[in-house]
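# Remarks on the overall topology
Residue strings, one per chain:
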Amino acid sequence: MLDFFTIFSKGGIVLWCFQGAGVTESFTEPVNALIRSVILQERSGNNSYTHEALNLKYKLDNEFELIFVVGFQKILTLTYVDKFIDDVQLHFRDRYKNELEQKGPLKLIQNNFAFEDDFTMLLKDAEKSSKARSQGNMRTFDQSEKSQKTVKSMIETKGGEKVKEQGGKKNKNNKKEATAAEPVKLDQGKAGQKTAENGNQGLTSEEIMLKKREEFFRKRTAVPTEKPVKSPKPQKPREKQMRVWDMGGNSTKEVDYSRRNGDGSSNGGDQNQEAQIYLGEQLNSMKGDLLSVDYESSEEEEGMEEEEEEERVVVNQTSKTSSKKSGGFGGMFGMLKGLVGSKSLSREDMEPVLEKMRDHLIAKNVAADISSKLCDSVAIKLEGKVMGTFTTVASTVKQALQDSLVQILQPKRRVDILRDVMEARSQRRPFVVTFCGVNGVGKSTNLAKISFWLIENGFTVLIAACDTFRAGAVEQLRTHQRRLNSLHPPEKHGGRPVVQLYEKGYGKDAAGIAMEAIAYARNQAFDVVLVDTAGRMQDNTPLMTALAKLIAVNMPDLVLFVGEALVGNEAVDQLVKFNQALADHSMSEKPRLIDGIVLTKFDTIDDKVGAAISMTYITGQPIVFVGTGQTYNDLRSLNARAVVSALMKA
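As annotated in an unreviewed UniProt entry, the protein chain is SRP54-type proteins GTP-binding domain-containing protein from Eleginops maclovinus. Regarding the protein chain, the UniProt comment filed under Subcellular location (unreviewed entry) reads as follows: "Endoplasmic reticulum membrane". Within the UniProt record for the protein chain, the comment given under Sequence similarities (unreviewed entry) is "Belongs to the GTP-binding SRP family."

Residues Trp 453 and Phe 625 are the most contacted members of the largest nonpolar core, which totals 115 residues. Among the elements that make up this core, the one with the highest residue count is helix H14 (residues 393-409) (9 residues). Among all residues touching Phe 625, those that are not within four sequence positions of it are Leu 290, Ile 417, Ile 450, Trp 453, Leu 560, Ile 597, Val 598, Leu 599, Leu 635 and Arg 636. Among the nonpolar cores identified, the runner-up in size contains 25 residues, and Leu 2, Trp 16, Phe 113 and Phe 115 belong to it.

What follows covers the pairing of strand E11 (residues 596-600). In terms of residue burial, E11 counts as a mostly covered element, since 5 of its 5 residues are buried. Side chains Gly 596, Val 598 and Thr 600 of E11 all project onto a buried face; the interleaved residues Ile 597 and Leu 599 project onto the opposite face, where all are buried too. With helix H20 (residues 569-584) bridging strand E10 (residues 558-564) and its parallel neighbour E11, the resulting β-α-β unit is right-handed. Handedness of the crossover is the feature at issue here: the chain leaves E11, passes through helix H21 (residues 610-619), returns alongside strand E12 (residues 623-627), and the resulting connection is right-handed.

Now for the pairing of strand E9 (residues 528-533). With respect to burial, E9 is a largely interior element, 6 of its 6 residues being buried. Side-chain alternation along E9 places Val 528, Leu 530 and Asp 532 on one buried face and Val 529, Val 531 and Thr 533 on a second face that is also buried. Summarising the sheet, strand E6 (residues 431-437) and E9 pair through 5 bridges and their orientation is parallel. Bridge pairing in E9 places Thr 434 opposite Val 531.

Another aspect to go through is the sheet that holds strand E3 (residues 48-51). Read from one edge to the other, the open sheet built from 5 strands follows the order E2-E1-E5-E4-E3, with strand pairing classed as antiparallel. With partners counted over all chains shown, the strands left at the sheet margins are strand E2 (14-19) and E3, one partner each. Within this sheet the neighbouring strands show an average axis-to-axis angle of 20 degrees, counted without direction. Where strand E1 (residues 4-9) and E2 come together, 5 bridges link them in antiparallel fashion.

Compared with the 16 Å implied by 1.5 Å per residue over 12 residues, the 15 Å span of helix H1 (residues 28-39) between its first and last C-alpha is a close match. All of the buried residues along H1 are Pro 30, Val 31, Ala 33, Leu 34, Val 38 and Ile 39. Angular distribution of buried residues about the axis of H1 spans 160 degrees; they occupy a single face of the element. Pointing more than 90 degrees away from the buried face of H1 are the exposed residues Glu 29 and Arg 36.

With their axes 10 Å apart at the nearest point, helix H12 (residues 347-363) and H14 run at an angle of 45 degrees to one another. Of the possible angle classes, the one that applies to H12 and H14 is oblique. Here H12 runs over H14; the crossing is right-handed. Residues Asp 349, Met 350, Val 353, Leu 354, Met 357 and Leu 361 of H12 form the contact with H14, whose own contacting residues are Val 393, Ala 394, Val 397, Lys 398, Leu 401 and Leu 405. Its residues placed into classes, the contact of H12 with H14 shows 10 nonpolar, no polar and 2 charged.

Our focus in this paragraph is the confidence of the model for the protein chain. In this model, the protein chain carries an average pLDDT of 77, and 73% of its residues clear a pLDDT of 70 or more. For the protein chain, per-element mean pLDDT is lowest for helix H11 (residues 304-337), which scores 44, and highest for E9, which scores 96. Low pLDDT, under 50, characterises residues 161-197; the stretch is placed with 5 contacts to residues that sit more than four places away or in other chains. Per-residue pLDDT stays below 50 along residues 297-341; that stretch engages in 45 contacts with residues further than four places along the chain or on separate chains.

Attention shifts here to the pattern of salt bridges. The tally for this structure, following the rule as stated, stands at 22 salt bridges. Salt-bridge contacts for Asp 376 lead to Arg 358; the nearest nitrogen and oxygen are separated by 3.9 Å. Of this pair, Asp 376 sits in helix H13 (residues 368-382) while Arg 358 is found in helix H12, placing the two residues 18 residues apart along the sequence. Of the residues examined, Asp 376 reaches a relative accessible area of 25% and is grouped as partly exposed. Taking the shortest distance from any N to any O, the salt bridge between Asp 527 and Arg 425 comes out at 3.1 Å. Of this pair, Asp 527 sits in the loop between helix H18 (510-523) and E9 while Arg 425 sits in helix H15 (residues 417-426), placing them 102 residues apart in sequence.

A cluster of nonpolar residues, Met 515, Val 553 and Met 587, forms a patch on the protein surface that exposes about 310 Å² of accessible area. Mapped onto the secondary structure, Met 587 falls in the loop between H20 and E11.

Sheet architecture is open: 8 strands sit in the order E8-E7-E9-E6-E10-E11-E12-E13, paired in mixed fashion. For this open sheet the edge positions go to strand E8 (499-502) and strand E13 (635-636), each flanked by a neighbour on one side alone. Sheet strands in contact with helix H16 (residues 443-456) are E6, strand E7 (461-466), E8, E9, E10, E11, E12 and E13, and its direction is about 170 degrees off that of E9.

This brings us to the packing of aromatic side chains. Counted according to the given criterion, the structure contains 15 aromatic pairs. A centroid spacing of 5.6 Å and a plane angle of 75 degrees characterise the contact between Trp 453 and Phe 625, whose relative ring orientation is edge-to-face. In this pair, Trp 453 is assigned in helix H16 and Phe 625 in strand E12, connecting sequence segments 172 residues apart. A relative accessible area of 5% places Trp 453 in the buried class. Clustering of aromatic rings is evident, with ring pairs tying together Phe 5, Trp 16, Phe 18, Phe 68, Tyr 80, Phe 84, Phe 92, Phe 115 and Phe 119. The ring of Phe 526 has Arg 496 sitting right over it, with the charged end atom 4.6 Å from the ring centre.

Here the focus is the side chain of Asp 527. Assessed through its relative accessible area of 9%, Asp 527 is described here as buried. A polar contact is formed between the side chain of Asp 527 and the side chain of Arg 425, at a distance of 3.1 Å. At a separation of 3.0 Å, a polar atom in the side chain of Asp 527 contacts the main-chain amide nitrogen of Thr 460.

Here Asn 540 shows up in the loop between E9 and helix H19 (541-554). Residue class for Asn 540 comes out partly exposed when judged on its relative accessible area of 29%. Each C-alpha atom of the pair Asn 540 and Ala 581 lies 10.0 Å from the other, and the pair is 41 residues apart in sequence.

This brings us to the packing of H13 against H21. For any two helices packed against each other, the geometry is given by the interaxial angle and the distance between the axes. At a closest axis distance of 10 Å, the pairing of H13 and H21 adopts a crossing angle of 75 degrees. In terms of their interaxial angle, H13 and H21 are classed as roughly perpendicular. Taking contact as the criterion, the partners of Ile 370, Lys 373 and Leu 374 in H13 are, on H21, Ile 613, Ser 614, Tyr 617 and Ile 618. A breakdown of the residues in the contact of H13 with H21 according to their chemical character gives 5 nonpolar, 1 polar and 1 charged.

Criteria and cut-off values
All residue numbers refer to positions counted from 1 along the written sequence of the respective chain. Predicted model: local features are reported for residues with pLDDT of at least 70 only, side-chain atom pairs are reported and counted for 80 or more only, and whole-chain, interface and lining totals are derived from all residues. Here the side-chain values reflect all heavy atoms present in the structure, with hydrogen atoms and water set aside. UniProt positions are given in the numbering used here, feature names are shortened, and annotations may be inferred rather than shown by experiment. The set of buried Ala, Val, Leu, Ile, Met, Phe, Trp, Tyr and Cys residues whose side-chain atoms join them within 4.5 Å is what this entry labels a nonpolar core. To sort residues, take the accessible area from a 1.4 Å probe on protein chains only and compare it with the maximum for the residue type: under 20% means buried, over 50% means exposed, and anything in between is partly exposed. Numbered from the N terminus, helices here are DSSP runs of H or I no shorter than four residues, and strands are runs of E no shorter than two. Residue contacts are defined here by distance: any two heavy atoms, one from each residue, within 4.5 Å place the two residues in contact. Handedness of a crossover: with both strands directed away from the viewer, a clockwise path from the first strand across the helix to the second marks it as right-handed. Here, any two strands with at least 2 DSSP bridges between them count as paired. Structural elements are reduced to axes, namely lines fitted to C-alpha atoms, with helices fitted over the stretch in contact, and the angle between N-to-C directions of any two is expressed from 0 to 180 degrees. By this rule the span expected of a helix is its residue count minus one, scaled by 1.5 Å. Arc, as used here, means the arc of the directions from the helix axis to the C-beta atoms. Reported orientations rely on four angle classes, namely roughly parallel under 35 degrees, roughly antiparallel over 145, roughly perpendicular from 65 to 115, and oblique for the rest. Each helix crossing is assigned a hand: it is left-handed if the near helix lies turned anticlockwise from the far helix by less than a right angle, otherwise right-handed if that turn is clockwise. Here the term charged refers only to Asp, Glu, Lys and Arg, the term nonpolar to Ala, Val, Leu, Ile, Met, Phe, Trp, Tyr, Cys and Pro, and the term polar to all other amino acids, Gly among them. Scored from 0 to 100, pLDDT records how confident the predictor is in each individual residue. The rule for a salt bridge is simple: a side-chain nitrogen of Lys or Arg has to be within 4 Å of a carboxyl oxygen of Asp or Glu. Patches in this entry comprise residues that are over 30% relatively accessible and not in a salt bridge; like charges within 9 Å are linked, as are nonpolar side chains (Val, Leu, Ile, Met, Phe, Trp, Tyr) within 5 Å. Method for areas: the Shrake-Rupley scheme with a 1.4 Å probe, in which residue coverage is limited to the protein chains shown. The criterion for an aromatic pair is that two Phe, Tyr or Trp rings (for Trp, the six-membered ring) have centres within 6.5 Å, with stacked assigned to planes under 30 degrees apart, edge-to-face to planes over 60 apart and tilted to the rest. Counted as over-ring charges are cases with an Arg CZ or a Lys NZ within 6 Å of the ring centre that also lie within 35 degrees of the ring normal. Whenever a nitrogen or oxygen atom comes within 3.5 Å of another N or O atom, the pair is scored as a polar contact, on the condition that within protein one atom can donate a hydrogen and the other can accept it, and that pairs from neighbouring residues in sequence are kept only if both atoms are in side chains.

Here it is as structure tokens:
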């Protein structure tokens, strides 16, 4: 029932493989997909992986750097696979331990491991044990408890229950009488119980009487607090004061700038001049690649003291347990064993450190579920691995987690938008980017920043106003268009505006507007089309269907999800449901999903950068842009190592 089983090293050397009877397809593709999607991306917290119709289970052997992978059909429910893969790992290690330790890579390639007989025996034992567990013989009626009951016993049981119920009702009715009679019938024993309940254990009746007298005199001599005779009158609410604006003026004439020059001309040119002066003071050139997000590397040894204290606790615990077993010298050698390279890591050694790391990640805004998966992945990666000389468990776990986080944040494919735009220009077509996300995350603002960056690099931009729902969305984009054109006047570009807005007003079909905008950009030779969509919650099915339609009909070159850096667990729900909606409502066999992420409001979170980890871990897609402010210059690319260093900072 197994399709295949393979054993290979982390260096890629296949040591042994098995293919089931009747299986003709090669297992190379699913194994390579497992390596690319799970092992290389440090996502080994879960030991299963699904590839098309196959379900893959895998196990890592960190001591010998081996990977055991078994594959079977997804529709099958094989309960013995987990135990079977553990048994195969132990048998293979024990049998070829010396060869794995002594022989080099070249000899391992030339060597053939004769493991077929052992594998067949283990497989048969596993299948037999699962059948023995699953096949449970049904009991006959004579063996059941129901057969032992007679009609008479059943009637008696029912009668007894009724009597109990009646008695219960009588008790309920007489409850008040019993409670009223209790204080009258108190004897000395009950009085003793009552005094015990009041905290007078071990006191005689005279002592209790003296104690009560003291309480009585203390209450009488206490000064009574004066109570107000009349209730205080309710205070009148403060009247709302009129707000005085700093540059508001006292009359409408002072804020009327239409006739500033005295010639009755409109203020259009003056607005452009103002925008140029205001924005020109704070904007720098953005030609070339974006600057990366950077943090001050002041973390050097901030968290080391806590780690050392925790490590002392772990070492002391191991030394105590070992001293109980082997005396005083055993405790000394146990402590040394926790530091020198002869110690192999176990799950128990790493558990306190991983627990602290998990809490630290959650405090840094990483989603709780993803924090657990990351720590489990690190535990699987390090379990059984021999530590380096004089390295602590905390430093080893922290370094492994840091490497995993860097691996997750680094893009798995090339992300070079300028190069892609130039390639699309050579094909005489526009490069289309669609922005999507929930409400209020900054889609329009960051679209304007990306427009400015593209204009600085010599490209012309057409903005498609496909947010036909939110009031003021088109006017917001028109304001950005006017400001961008004032920063790059048409006179400097052959009389042609470098950015234009394509809009059809409100209440129209967004997919149709995007299609018309792309056709217009192709006819007018625009380099880039930026499609702004309406914000929508991930649970709004009609709007999610409309977004999937827009993407499926127009097939943009890049679909960017715009998300806030402030969110924690919500980022997981948003991205999962956006991807799910795009997949469900797509009309093609291979649906178009999210290609990248724009992380906004990054300047408001200090070092709580966990949302970047959550979003990248869920989608597997890179963070293309990072918004770090409110001006057109505040656009950055992601620096994985800087973000991880901020994340690991204590």
